[in-house]
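Residues per chain are reported as follows:
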Amino acid sequence: MTDHTTRAADILKGHRESIDRLDAILVYTLGERFKHTQAVGKLKAEHDLPPSDPAREANQISRLEELAEQADLDPDFAKKFLNFIITEVIHHHKKHQA
C-alpha cells in the first residue's frame, strides 16, 4: 500500500471505531428511553389515560427539530426518527391497555 492509502485506512479505522461506540451509545440510550416509556404506558393504563398525547408529541417534535439544527443534523431526519419512536411508544402503550 502507498503512504496515502495506509493513512486513509488508518483514518477510516478511527472513524469506524467512533461510529461503533456511538452505535452502542444509541442502543443503550434507546433502551433506557423505552424503559421509561414502558413505565409511562403502564401508568396511563392504570389510570385510564389515552395512550397518545398529541400536544406533547408536537412539542417534542418541534424541540427535536430545533436541537437537530443546533447539532448540524438534518431536522427532517430527526423528525422522521422521533415519529418512528413515538409510533413505537404508542403501540406499546396500547398493549398495556388491552
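Residues numbered from 1 in each chain as written. Predicted model: local features only at pLDDT ≥ 70, side-chain atom pairs only at ≥ 80, totals over all residues. Heavy atoms only, no water.

Engineer: Just checking my understanding: could you explain the side chain of His92 for this structure?
Structural biologist: Mapped onto the elements, His92 comes out in helix H3 (residues 75-97). Once residues lying within four places of it in the same chain are set aside, the contact partners of His92 are Phe34 and Gln38. (Helix = DSSP H or I, 4+ residues; strand = E, 2+ residues; numbered from the N terminus. Contact = heavy atoms within 4.5 Å.)

Engineer: I tried to follow the side chain of Glu57 on my own but got confused; where do I start?
Structural biologist: Mapped onto the elements of the fold, Glu57 is located in helix H2 (residues 54-70). As a buried residue without a salt bridge, Glu57 has its nearest oppositely charged side chain in Lys44, at a separation of 6.1 Å. For Glu57, the residues in contact, after removing those within four places along its chain, are Ser52, Ile86 and Ile90. (Buried < 20%, exposed > 50% of the residue type's maximum accessible area, 1.4 Å probe, protein only. Lys, Arg positive; Asp, Glu negative; His and termini not counted. Salt bridge = Lys/Arg side-chain N within 4 Å of Asp/Glu carboxyl O.)

Engineer: Which parts of the structure should I look at to understand H2?
Structural biologist: Compared with the 24 Å implied by 1.5 Å per residue over 17 residues, the 24 Å span of H2 between its first and last C-alpha is a close match. For H2, the set of buried residues is Glu57, Gln60, Ile61 and Ala68. Each buried residue of H2 lies within a common arc of 100° when the element is viewed along its axis, so the set occupies one face. Opposite the buried face of H2, by more than 90 degrees, sit the exposed residues Ala55, Arg56, Asn59, Glu69 and Gln70. The elements touched by buried residues of H2 are H3. Following H2 by one or two positions, Asp72 adopts a phi angle in the positive range, close to 60°. (Expected span 1.5 Å × (residues − 1). Arc of directions from axis to C-beta.)

Read these as spatial facts, not as claims about activity.
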